[in-house]
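Single-letter residue listing:
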Amino acid sequence: MDFNEGADLDAGEIRDLRGVTGGIGGRVVAGGGGLGIVGVIIYLLLSQVGGGFGNLGGGFGLDRGLAGLGSGQQVTNSDLSSECRTGADAKRNHDCAIVAIVNSIQDYWSNAFARSGTTYRPATTTFFTDRVETACGAADSSIGPFYCPADEGVYLNLSFFEDVLQRRFGAEGGLFAEAYVLAHEYGHHVQNLLGRSSRINHNETGPTSGLVRLELQADCYAGVWAHNAATTPTESGEPLITNITQEDIRQALDAAQHIGDDYLQREFGGGRVDESQFSHGTSAQREKWLLTGLNTGDPAACDTFNTNDLG
């Protein structure tokens with residue numbers, strides 16, 4: 001994955017709260033769609049291995065099991081704005097690479113909405129370390145990337161990629177694996193803008209549940225962005241991302257494989273797979289729908305709600 005050195009970055013799409021702490025006044029609500037790629041997975045995982053914390057339909061906090069992740073570097077928003085100006089900065093600085101990825105994802109969806117005659121409302125990505133308040137409740141550092149529909153925000157604890165995705169779940173990682181996770185969360189933003197998220201029962205799990213279909217569609221939307229990333233221009237007219245390699249795609253598929261419901265239940269739940277508790281889809285399904293988006297580049301190909309073949 002490479003960046004156009006002369007393309008401009010917009011750090012204004014990022015709210016950097018790393019190092020900022022505050023009391024938790026509530027808990028992130030799972031049933032309301034507030035959790036993204038890992039929240040419900042971690043709930044199911046820890047509840048199966050003895051780290052439960054409430055019921056799926058209500059609010060909960062991940063204060064055990066995955067708590068205590070690294071606090072990361074304290075960087076203010078002004079630091080990001082001064083450090084992350086061009087694609088050249090994205091090539092040398094991981095924070096700036098994340099800024100570039102967020103910019104590219106939002107530029108793609110802004111253009112896609114415009115082509116359909118509608119307007120895309122940008123989401124704000126918030127970096128945090130210790131804990132963060134959202135309109136969906138509060139989250140602490142044990143939660144990975146998630147989307148809150150109530151404030152249309154993507155929330156990201158950057159330590160998730162190394163501490164959880166790689167060390168805990170065994171994925172290979174890599175920058176494009178991180179891009180896949182981010183693009184998945186922005187897929188939830190797209191679903192929210194289109195009204196899709198509100199039309200499912202977020203408390204119902206199972207292999208063909210609306211929740212699984214929603215997550216697989218978000219995987220597909222991530223693939224759609226990746227297919228179009230190298231041809232998506234910024235406001236200056238130049239794409240931020242110039243190249244996505246087969247190695248990048250392999251890393252993203254590896255990440256998808258390591259966050260499938262069946263993989264996590266088998267590896268961390270004593271080897272038993274309970275399909276009735278599926279909330280995100282199997283590893284094979286996640287890979288299939290990510291590839292569907294990657295191969296077609298067409299959001300219309302991501303209709304997981306009108307098919308009997310989820311994979």
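Residues numbered from 1 in each chain as written. Predicted model: local features only at pLDDT ≥ 70, side-chain atom pairs only at ≥ 80, totals over all residues. Heavy atoms only, no water.

1. Brief notes about the sheet that holds strand E2 (residues 14-16)
Rule in force here: A strand pair is defined by DSSP finding two or more bridges across the two strands. Only runs of H or I of at least four residues qualify as helices and only runs of E of at least two qualify as strands under DSSP, and these elements are numbered from the N terminus. For helices, the fitted axis covers only the stretch in contact; all axes are lines through C-alpha atoms, and the angles between them, taken along N-to-C directions, range from 0 to 180 degrees. Throughout, a contact is declared for two residues whenever any of their heavy atoms are within 4.5 Å.
Read across the sheet, four strands follow the order E2-E3-E7-E6 without closing on themselves; strand pairing throughout is mixed. The two strands at the open ends of the sheet, each matched to only one other strand, are E2 and strand E6 (146-148). Looking at each pair of strands side by side, their axes are set apart by 25° on average, direction ignored. Here E2 runs beside strand E3 (residues 124-127); their pairing, made up of three bridges, is parallel. Opposite Arg15, over in E3, you have Thr126 as the bridge partner. Its contacts with the sheet place helix H6 (residues 175-194) against E3, E6 and strand E7 (153-156), and it is angled at close to 20° to E6.

2. A few points about the layout of surface pockets
Test applied: Cavity and pocket criteria rest on a 1 Å grid covering protein atoms alone: a 1.4 Å probe that fits but cannot get out defines a cavity, protein on both sides within 12 Å along at least 5 of 7 lines defines an open pocket, and an atom within 4 Å of a point defines a lining residue. Grid points are joined across faces, edges and corners, and a volume is the space filled by probe spheres set on the points. Polar here means any residue other than Ala, Val, Leu, Ile, Met, Phe, Trp, Tyr, Cys and Pro, which are nonpolar, and Asp, Glu, Lys and Arg, which are charged; Gly is therefore polar.
Here the largest pocket is characterised by a volume of approximately 280 Å³. Along its surface, the largest pocket is lined by 15 residues, and Asp10, Glu13, Asp107, Thr234 and Glu235 are the ones closest to its centre. Of the residues contributing to the lining of the largest pocket, the split by class is four nonpolar, six polar and five charged.

3. With respect to the environment of Asp140
One can find Asp140 in strand E5 (residues 137-140). Remark: the alpha-carbon pair of Asp140 and Phe128, spanning twelve residues in sequence, is separated by 8.8 Å.

4. So, the state of the cysteines
Heads up, the rule is: Only a pair of cysteine sulfur atoms within 2.5 Å qualifies as a disulfide here.
Overall, the coordinates contain three disulfides when judged by the stated rule. Here Cys220 connects covalently by a disulfide to Cys302, the sulfurs 2.1 Å from one another. Between Cys220 and Cys302, the S-S dihedral sits near -70°, and the bridge is therefore left-handed. Of this pair, Cys220 sits in helix H7 (residues 210-228) while Cys302 is found in the segment after helix H10 (283-296), placing the two residues 82 residues apart along the sequence.

5. Regarding the side chain of Asp95
Applied cut-off: Side-chain atoms alone can form a polar contact between residues adjacent in sequence; in general such a contact is a pair of N or O atoms within 3.5 Å, and within protein one must be able to donate a hydrogen while the other accepts it.
Take Asp95: it is sitting in helix H4 (residues 94-115). Of the polar contacts made by the side chain of Asp95, one reaches the side chain of Arg18; its length is 3.2 Å.

6. Let's talk about unusual backbone geometry
Basically, it comes down to this: Think of it in three bands: residues with accessible area under 20% of the maximum for their type are buried, residues over 50% are exposed, and the middle band is partly exposed, with areas taken using a 1.4 Å probe on protein chains only.
Phi angles above zero are rare outside glycine, and Glu152 is one such case at about 50°. Along the polypeptide, Glu152 turns up in the loop between E6 and E7. Judged by its relative accessible area of 18%, Glu152 falls in the buried class.

7. Considerations on the packing of helix H8 (residues 246-257) against H10
Any two packed helices are characterised by how steeply their axes cross, that is the angle between the axes, and by the distance between the axes. To keep it simple, the criterion reads: Rotating anticlockwise by less than a right angle from the far helix to the near helix defines a left-handed crossing, while the corresponding clockwise rotation defines a right-handed one.
At a closest axis distance of 8 Å, the pairing of H8 and H10 adopts a crossing angle of 145°. Between H8 and H10 lies a crossing of right-handed hand. Within the contact between the two elements, H8 uses Ile249, Ala252, Leu253, Ala256 and Gln257 and H10 uses Ser283, Arg286, Glu287, Leu290, Leu291 and Leu294. By residue class, the composition of the contact of H8 with H10 is seven nonpolar, two polar and two charged.

8. Brief notes about the confidence of the model for the protein
We apply this condition: A score from 0 to 100, pLDDT tells how confident the predictor is in each residue.
On average, residues of the protein score 83 in pLDDT, and 80% of them reach the 70 mark or higher. The element-level mean pLDDT for the protein is lowest in helix H1 (residues 39-48), coming to 42, with H10 highest at 98. Across residues 23-27, where pLDDT falls below 50, the model places 17 contacts with residues more than four positions away in sequence or in other chains. Throughout residues 29-75 the model reports pLDDT below 50, and contacts reaching past four residues in sequence, or to other chains, amount to 128 contacts.

9. Digging into the environment of Glu152
Between the C-alpha atoms of Glu152 and Asn192, which are 40 residues apart in sequence, the distance is 8.1 Å. Look past the residues within four positions of Glu152 in its chain and what remains in contact with it is Arg121, Ala123, Thr124, Tyr147, His189, Asn192 and Leu193.

10. Quick word on the environment of Ser209
Within the secondary structure layout, Ser209 lies in the loop between H6 and H7. Ser209 sits 70 residues away from Ser279 along the chain, and the two C-alpha atoms are 7.6 Å apart. Ignoring sequence-local partners within four residues, the contact set of Ser209 consists of Glu204 and Phe278.

11. What to know about the pairing of E7
Judged by which residues are buried, E7 turns out to be covered on both faces: Gly153 and Tyr155 on one side and Val154 and Leu156 on the other are all buried. Bridge count between E6 and E7: three bridges; the pairing is antiparallel. Bridging from a neighbouring strand, Cys148 pairs with Gly153 of E7. Where E6 folds back onto E7 in an antiparallel hairpin, the turn is made up of four residues, including Glu152, whose phi is positive at roughly 50°.

12. Comments concerning the nonpolar core
Nonpolar side chains in soluble globular proteins generally cluster together in the buried interior. Here is the rule we go by: Among buried residues, the Ala, Val, Leu, Ile, Met, Phe, Trp, Tyr and Cys ones that are joined through side-chain atoms within 4.5 Å form a nonpolar core.
Core analysis: the biggest nonpolar cluster contains 69 residues, and Ile101, Trp109, Tyr180 and Trp225 have the highest contact counts within it. Counting only elements with at least two residues in this core, the list comes to H4, E7, helix H5 (160-166), H6, H7, H8, helix H9 (261-268) and H10. Looking at which element gives the most residues to this core, the answer is H4, with twelve residues. With eight residues, the next largest nonpolar core counts Cys136, Ile143, Phe146 and Tyr155 among its residues.

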